[in-house]
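# What the coordinates show
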Amino acid sequence: MCGIHISISTQHFKSPSDDLRHLLCSRGPDHSAESHVELTTKNGSSFWISAMSTVLALRGDRVTPQPFKDPSSGSVFCWNGEAWSIGSKSITGNDGQRLFDLLMEASSTEKSVTESAVAICKILHTVSGPFAFVFVDKIHGQIYFGRDRLGRRSLLYKNDSGSSCLHFSSVADPRSGLWQEVEADAIYQLPFEGGERSKFSNSTDDLLSISFASICRHVWEDHTTEGAVLTLGKFNKAHPSQGQYLDRRSESVQHLRRHLCESLNLRILNVPLPPGSVEGGQVRVAVLFSGGLDCTVLSRMAHDILPLDQQIDLINVAFENPRVMKAAKDSARAKNGGNESPFESCPDRETGRKAFQELQSVCPGRCWRFVAVNVPYTETVAHRSNVINLIHPHNTEMDLSIAYALYFAARGTGVASTNFNTTPTAYHTPARILLSGLGADELFGGYTRHATAWARQGFMGLLDELKLDIERLGKRNLGRDDRVISHWGREARFPYLDEALVKWAVESPIWEKCGFQSNVLVEQEIPNLDPGKKVLRLLAYELGMHSVAQEKKRAIQFGARTAKMELGNTKGTALIS
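Residues numbered from 1 in each chain as written. Predicted model: local features only at pLDDT ≥ 70, side-chain atom pairs only at ≥ 80, totals over all residues. Heavy atoms only, no water.

### Remarks on the confidence of the model for the chain
How we decide: Values of pLDDT, ranging from 0 to 100, describe the predictor's confidence in every residue of the model. Contacts between residues were defined by any pair of non-hydrogen atoms, one from each residue, lying within 4.5 Å.
When pLDDT is averaged along the chain, the result is 88; 89% of the residues meet or exceed 70. Taken together, the stretch residues 195-213 has pLDDT below 50 and engages in 51 contacts with residues farther than four places along the chain or on a different chain.

Next comes the structure, spelled out in structure tokens:
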């Protein structure tokens, strides 16, 4: 993973500010470098291009410097991502270097602008994995930029008309003006001057009001490119007939297990030992762990994949919330002498410890480490401005409350205990890979609104709501979350958002994912599980996680108690004051 920044100026080279450079280096602590390119178009216009990359080395056996620059042509490539495969070929070694080599072949002098654009987009369309990138093709005078089709990595842009400069960056320096998210719907092509344009792209005028020609937009869902990864597939809107329902014998339970296993294999195997790991310490992967269904299934399946000598950290965050504390003091229990910890009483702390115990029971040979991250209100306030800067341009109270939980969890500092050492000790996780359960609710109908849609309109309403969630996956707030988590030099990985798993889930009929039915046969061996995400609940039960299989859905801001910290009636949609 990396922090990337590119500025294109019509006046002079423009490096990132000291504040922005610091933020970029926080994302990539292993290496940083800057490269400069001057480009003159056929009509005599000059552009000064400054590219900076910082690197968090997680692929290959050594740190691979960025930005990538071709010495003969001057083309530059900034890459922030994980390409698990390109086309049908898995990547061995550094994925950024391999991709740059392919892009240079695609942009050779033997090709026209259109031929090169088609070849470049064909390569990028077949990349499987999360990424954001900027590629300056100096040979043809083009810039290509974009995010993966699910928007799992951050890329922002800012048009500084005052200094005639266009900026792209993984993270913003909000004090330098308003930044905007690059949409995760396409590969964008920006010519330095007007001319030949790809016939396979749509023109989008005035997206960036700077002295460039119109932008070409190569949409991700391209059904004409051979080998293209059609992430979203074709949504299955079939209604179940009589006798079609989900139980533990359904094939979809095993299909989900296989897809999730393959996704986890890519994301947790061959992870290098973090720098500074103490002798005997074998922690490479941690889980953002609320004790809920999604993250605990990932933890349980990671146990089956990782060698037993690798410990797994379970990071559980809880906040001191003044509003909740006041309500507790006013309650009858508090008046009768209750003195409960503000952290241990958090819903996610309670479910987290419960799931931790179940993991120890089901997988006794593994060293599980429960990392209790306790955040006093004073510390939340102290970091508020930093979190607000990281989530920019997002700016609502809900954005902030969710970001608080991710920010402090990703910091990974707390009090830890293991199944082999129950004495709580101060601890800072060395793990650079953080697994997140995000995506399961959208794929398998886990939100309250899915149950509401079913209750009001039956399968038609439920299917419409699920389809809308799938279509909005690329517009979710993963860019925001990437900026917050990566600030601590760690990378979030989302096994449920693996392209193959998403495609399978989207194309599966509703009765193979959810348990919403008018008449449900209750299996005697299994308790009556909630219908939302029932396929995942059945998998949890099969894996021995019987208690976790019955856990209710809870939003992170309520489970960790970051929502509505202040007294009053502030709504989540309200702008940050």
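Now that the structure has been shown, the text picks up again.
### Things to note about the nonpolar core
Convention followed: The definition of a nonpolar core used throughout is a set of buried Ala, Val, Leu, Ile, Met, Phe, Trp, Tyr and Cys residues joined through side-chain atoms within 4.5 Å. When accessible area is computed with a 1.4 Å probe and restricted to protein chains, residues below 20% of their type maximum are described as buried, those above 50% as exposed, and intermediate ones as partly exposed. Only runs of H or I of at least four residues qualify as helices and only runs of E of at least two qualify as strands under DSSP, and these elements are numbered from the N terminus.
Counting residues in each nonpolar core, the largest one holds 110 residues, and the members touching the most others are L260, V297, V317, F319, F444 and L539. Broken down by element, this core gets its largest block of residues, 10 residues, from helix α10 (residues 397-411). Setting aside chain neighbours within four positions, we find F444 in contact with L256, L501, W504, A505, K513, C514, G532, K533 and V535. A51, C78, Y157 and L166 belong to the second-largest nonpolar core, a separate cluster that totals 28 residues.

### Remarks on the sheet that holds strand β8 (residues 127-128)
How we decide: Only strands joined by at least two bridges in the DSSP assignment are considered to pair.
Spatially, three strands are ordered β7-β6-β8 in an open sheet, and the strand pairing comes out antiparallel. At either margin of the open sheet sits one strand with a lone partner, and together these are β7 (89-90) and β8. As defined by bridge partners, strand β6 (residues 85-86) adjoins β7 across two bridges and the pair is classed as antiparallel. Residue pairing for β7: I86 is matched across the bridge by K89.

### Section: helix α12 (residues 448-471)
Short version of the rule: The span one expects for a helix is its residue count, reduced by one, times 1.5 Å. Values of bend correspond, residue by residue, to the angle between axes fitted over the seven residues ending at that residue and the seven starting there.
Across its 24 residues, α12 extends only 18 Å between first and last C-alpha, which sits more than 12% below the 34 Å expected from 1.5 Å per residue. Along α12, the sharpest change in direction is near 145° and occurs at Q457. Here α12 has its buried residues at H450, A453, W454, G458, F459, G461, L462, L463, E465, L466, D469 and I470.

### As for the packing of aromatic side chains
Filter applied, for reference: The pairing test for Phe, Tyr and Trp rings, Trp by its six-membered ring, is centres within 6.5 Å, and the orientation test on the planes gives stacked under 30 degrees, edge-to-face over 60, and tilted for anything in between.
Summed over the entire model, instances satisfying the criterion amount to 19 aromatic pairs. Judged by centre distance (5.2 Å) and plane angle (25°), the ring pair of W79 and F131 falls under stacked. Here the residue W79 occupies a position in strand β5 (residues 76-81), and F131 occupies one in strand β9 (residues 131-137), the gap between them amounting to 52 residues. Assessed through its relative accessible area of 2%, W79 is described here as buried. For the pair Y407 and F408, a centre-to-centre distance of 5.0 Å together with 85° between the ring planes defines the contact as edge-to-face. The two residues Y407 and F408 agree in class, both being buried. By way of ring pairs, the aromatic residues F68, F77, W79, F100, F131, F133, F135, Y144 and W220 are connected into one cluster.

### Quick notes on the environment of N528
Tracing the chain through its elements places N528 in the loop between α14 (499-507) and α15 (534-542). The exposed category is assigned to N528, whose relative accessible area is 58%. Taking C-alpha positions, N528 is 8.4 Å from Q550, a pair spaced 22 residues apart along the chain.

### Section: the pattern of salt bridges
Rule in force here: By convention in these notes, a salt bridge is any Lys or Arg side-chain nitrogen within 4 Å of a carboxyl oxygen on Asp or Glu.
Evaluation of the coordinates by the stated rule reveals 39 salt bridges. Where D19 meets R175, a salt bridge forms, and the shortest distance between an N and an O atom there is 3.1 Å. With D19 in helix α1 (residues 18-27) and R175 in the loop between β12 (165-169) and β13 (180-181), this pair connects stretches of sequence that are 156 residues apart. On the accessibility criterion, D19 (39% relative accessible area) is partly exposed. R175 gets classed as exposed once you look at its relative accessible area, which sits at 62%. Across the salt bridge formed by E344 and R353, the nearest N and O atoms sit 2.8 Å from each other. Ionic contacts of the salt-bridge type, sharing partners, join the residues R27, R59, E82, D95, R153, D482, E491 and R493 into one network.

### Brief notes about the environment of I305
Tracing the backbone through its elements, the reader meets I305 in helix α5 (residues 293-305). Exposure remark for I305: the relative accessible area of 16% places this residue in the buried category. Taking the C-alpha atoms as reference points, I305 and L269, separated by 36 residues in sequence, lie 7.8 Å from one another. Residue contacts for I305: discarding those within four places in its chain leaves C261, L264, N265, I268 and L269.

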